[in-house]
Amino acid sequence: MSTDTQDRDTTDGFHLVINALKLNDIDTIFALPGIPITDFLRQAQGEGMKVISFRHEQHAGNAAAAAGFITGKPGICFTVSAPGFLNGLTALANATTNCFPMILISGSSEREIVDLQQGDYEEMDQLAIAKPLCKAAFRVLHAEDIGVGIARAIRSAVSGRPGGVYLDLPAKLFAQVMDAEAGKKSLIKVVDPAPKQIPAPDAVMRAVDLLKNAKKPLVILGKGAAYAQADAEIKAFVEKSGIPYLPMSMAKGLLPDNHNQSASAARSYVLAEADVVMLVGARLNWLLSHGKGKTWGGSSSKDAGKQQFIQVDISPTEADSNVAIAAPVIGDIGSCISAFNQAMGSGWNKPPADWTGAIAERKDKNLTKMAETLAKNPPVMNFHSALNVIRDTVKDNPKAYLVNEGANALDFTRSIVDMYEPRRRLDVGTWGIMGIGMGFAVAAAAVTGEQVIAVEGDSAFGFSGMEVETICRYNLPVCVVVMNNNGIYKGTDVNASGGPEMAPTQFVKNARYDMMMQAFGGVGVVAKNPEELRKALAEAVSSRKPTLINAIIDETAGTESGRITSLNPAMAKKKA
Ligand code: ADP
Ligand code: TPW
Ligand code: MG
């Protein structure tokens, strides 16, 4: 029952917001209290909502974004005005960039004072600031419009290309009182918030014809394909077509990574050689070298390769954003892939054996090489010997969520740790942003109840490290593995001036990250070798206790910028 003083005949802004969310099956809120949100959160919890309270708004926002990606419902984050809002804004912008549905709801100061810039408490024109950084932004001034405001925010977040939405709720709104019956009637249960978008049959035929005539076809699955929850259709399509596929980072596990059609272990070969490439919920951005240049078999970094592209995407303006798309197919991935499955008919010819054979050959060679590297047990644990253990643990716990950030800690984990179930890998996404770790981990554990393993570079972990208290407070089954190499990329950089201060990429040597988890009642363990790591991980997973494993990694093992060295101007200069 609510803890407020509303009487039976009236309701207020607090309750209208809570009831509007509940009416739309939203049962979880990620937040950080303060005026005017404190009482809202208290009452939301009183009304049976799950309220997860964080130590910094960015992580509450990241949690909302991850919840949106995992469930397909918009994740909800509440913050206070100005500084709280700004702290949440990075997460909102990141969600929008990643096409994850979330709604950032911030309290705001009095319009009359803000607009005259008279210096209100936490004064800021939040709506104007949020607008260019998200998909849509709204403000509600009257209690009777709360239903419409929440409905518009939900539709904007999940329909078409999903993204972040900002909803501005001035403090005064929460206290507004209105007739209870009229209030109830003003709420909207959103019907069909993410409507199917059926692709045009001729667009599907154009694409199928291209695939049919391809000698070296390739499918690329992106995180949009994972998000779409069209797992069965995608599996049927890949297996019926027989076409080799590459999963982008967060599409790993959509089909199990050990699937015989996965071309991950022959990635550079298939990208350079393919003649028809079908993108499914993946953009031709920097992560795919913009669809041109040497990666794609072009002769210079600007040249188009030899590919013709099919692009399956819900956004009609995505096609041709980097290179020409020969066959755009616009619609939701479930509907599009079903249409492909039908259009392919029964007499589909699988791709030529010399293409699939050449891929298999390279895969075998690379996998054998990788197995040899993983089997090594160097005296000082390195990324490979540590990740070999994590790889086994994920294999044994395929439903576990894997959160991953860092540079080397990211790149090596992505290529070494196989995923077996859809939407289980949550990482730095399109921006390559650090700081998503603990927010994503809390969301995955809180929303699904599954075990979470967060593989974190020691720098990456630092961005959200304080949220281990949140993990302990809610007793979440999260095991954080800090890949501790004493710094950003490695721990061995030197001060260019020769002075005594450490280099900008170096951290305190032998830092005891494990004690951070202990400080809040969780389990903290140091693992100096693969055996210790294996034991600690097994204990974390079987106990489901909040755990932090401080995995000591050879501080010389990483490379600067990990696998994106080519984007580092210092490296480009050295090369030239
Ligand atoms: P990745 O980084 O994995 O390559 P991107 O984030 O670049 O993936 O691309 C995701 C794409 O998926 C976006 O262009 C987005 O419009 C699209 N998308 C998201 N959800 C759907 C959906 N349900 N149906 C079709 N396309 C979708
Ligand atoms: C918000 C720049 C990219 S990767 C990284 C930074 C700071 C940390 C790498 O060190 P880590 O990993 O995590 O210890 P490892 O294994 O290589 O040692 N600020 C933001 N985002 C990004 N991407 C950066 C800075 C960066
Ligand atoms: Mg590091």
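What counts, and where the lines are drawn
Residues numbered from 1 in each chain as written. Chains lettered and ligands numbered in written order. Predicted model: local features only at pLDDT ≥ 70, side-chain atom pairs only at ≥ 80, totals over all residues. Heavy atoms only, no water. Helix = DSSP H or I, 4+ residues; strand = E, 2+ residues; numbered from the N terminus. Rg over C-alpha atoms; globule rule 2.2 N^0.38 Å. Buried < 20%, exposed > 50% of the residue type's maximum accessible area, 1.4 Å probe, protein only. Contact = heavy atoms within 4.5 Å. Areas by Shrake-Rupley, 256 points an atom, 1.4 Å probe, with all protein chains shown as cover. Lys, Arg positive; Asp, Glu negative; His and termini not counted. Charge placed at Lys NZ, Arg CZ, Asp CG, Glu CD. Core = buried A, V, L, I, M, F, W, Y, C linked by side-chain atoms within 4.5 Å. Donors = N, O, S within 2.8 Å, 3.2 Å for Na, K, Ca; no water. Near = heavy atom within 4 Å. Polar contact = N/O pair within 3.5 Å; in protein donor to acceptor, adjacent residues only side chain to side chain. Nonpolar A, V, L, I, M, F, W, Y, C, P; charged D, E, K, R; others polar. Domains from an automatic or database assignment. Salt bridge = Lys/Arg side-chain N within 4 Å of Asp/Glu carboxyl O. Buried area = accessible area lost by both parts, 1.4 Å probe. Axes fitted to C-alpha atoms, helices over the stretch in contact; angles between N-to-C directions. Parallel < 35°, antiparallel > 145°, perpendicular 65-115°, else oblique. Left-handed = near helix turned anticlockwise from the far one by under 90°.

Another point: the overall build of the protein chain. Assigned secondary structure in the protein chain consists of 23 helices and 19 strands. Scaling as 2.2 N^0.38, a compact globule of 576 residues should have a C-alpha radius of gyration of about 25 Å, and the protein chain matches this with 25 Å. For the protein chain, the spread of C-alpha atoms along the three principal axes comes to 75 × 65 × 45 Å. Burial status across the protein chain gives 56% buried among its 576 residues. A fraction of 76% describes how many contacts in the protein chain between residues 6 or more apart in sequence connect residues 24 or more apart. Roughly 23,600 Å² of accessible area belongs to the protein chain as shown, and the carbon and sulfur atoms make up 54% of that amount. The positive charge centre, built from 58 side chains, and the negative charge centre, built from 60, are 7 Å apart in the protein chain.

The next thing to look at is the nonpolar core. Taken as a class, soluble globular proteins show a tendency for nonpolar side chains to be buried jointly. Residues I29, F40, F78, L221, M278, I310 and F340 are the most contacted members of the largest nonpolar core, which totals 126 residues. Every residue in contact with F340, bar those within four places of it in the chain, is listed here: V204, A207, V208, L211, F237, M278, I310, V312 and V329. Ranked by size, the runner-up nonpolar core spans 27 residues in total, among them A386, A409, V455 and M483.

Okay, the coordination of the magnesium ion (ligand 3) next. Every protein donor of the magnesium ion (ligand 3) is accounted for by D458 (OD), N485 (OD1) and G487 (O), and the metal-donor separations fall at 2.0 to 2.1 Å. Taken in sequence order, the residues that donate to the magnesium ion (ligand 3) follow the motif D-x26-N-x1-G. By relative accessible area, N485 is classed as buried at 3%.

Before going further, it helps to spend a moment on the site of ligand 1. In the vicinity of ligand 1 there are 19 residues, among which R161, K223, R283, D313 and I333 approach most closely. A distance of 3.1 Å separates a nitrogen atom of ligand 1 from a polar atom in the backbone of I314. Considered on its own, ligand 1 offers 580 Å² of accessible surface; in the complex 95% of this is hidden by protein. Among the elements that take part in the shell around ligand 1, helix α11 (residues 223-227) stands out by supplying three residues, more than any other. Grouping the constituent residues of the shell around ligand 1 by class yields eight nonpolar, six polar and five charged. Structurally, the shell around ligand 1 is a two-domain feature, drawing no fewer than three residues from each of domain 1 (3-186) and domain 2 (201-360).

To continue, consider the pattern of salt bridges. Under the criterion given, the structure shown has 24 salt bridges. Among the ionic pairs, D411 bridges to R414, the shortest N-O distance being 3.0 Å. Taken together, the positions of D411 and R414, both in helix α17 (residues 408-416) and three residues apart, correspond to about one turn of that helix. Overall, D411 belongs to the buried group, its relative accessible area being 8%. Here K535 ties to E539 by a salt bridge, and the two come within 3.8 Å at their closest N and O atoms. Of this pair, K535 and E539 both sit in helix α22 (residues 530-543), four residues apart, roughly one helical turn. A single salt-bridge network, built from bridges that share partners, covers R111, D115, D125, R139 and D168.

As a further point, take the domain arrangement of the protein chain. Its domain assignment divides the protein chain into domain 1 (3-186), domain 2 (201-360) and domain 3 (376-573). Relative to domain 3, the C-alpha centre of domain 2 lies at a distance of 31 Å. Every contact between the two is made by 17 residues of domain 2 and, on the other side, 15 residues of domain 3. Summing the contributions of domain 2 and of domain 3, the shared interface buries around 1,400 Å²; its carbon and sulfur component is 54%.

Here we take up the site of ligand 2. Within the structure, ligand 2 sits among 17 residues, and N408, G432, D458, S459 and A460 are positioned closest to it. Between ligand 2 and the protein, one listed contact pairs an oxygen atom with a backbone N or O atom of A409 at 3.0 Å. Between ligand 2 and the protein, one listed contact pairs an oxygen atom with a side-chain N or O atom of D458 at 2.6 Å. Mapped by element, the contributors of at least two residues to the shell around ligand 2 are α17 and α19 (458-462). Sorting elements by how many residues they give to the shell around ligand 2 places α19 first, with three residues. Here the residues of the shell around ligand 2 sort into nine nonpolar, seven polar and one charged.

This next bit is on unusual backbone geometry. Note the cis peptide between I35 and P36, where omega equals 0°. By the secondary structure assignment, P36 is in the loop between β2 (28-31) and α2 (37-46). You will see that D320, though not glycine, has its phi angle at about 65°, which is positive. As for its position among the elements, D320 is in the loop between β12 (308-313) and β13 (327-330).

Attention now goes to the packing of helix α1 (residues 13-23) against α2. Viewed as axis vectors pointing N to C, α1 and α2 meet at an angle of 50°, and their least axial separation amounts to 10 Å. Here α1 lies oblique to α2, going by the angle between them. Seen along the crossing, α1 lies across α2 with a hand that is right-handed. Contacts between α1 and α2 involve F14, H15, V17 and I18 from the former and D39, F40, Q43 and A44 from the latter. Looking at the contact of α1 with α2, its residues break down into five nonpolar, two polar and one charged.

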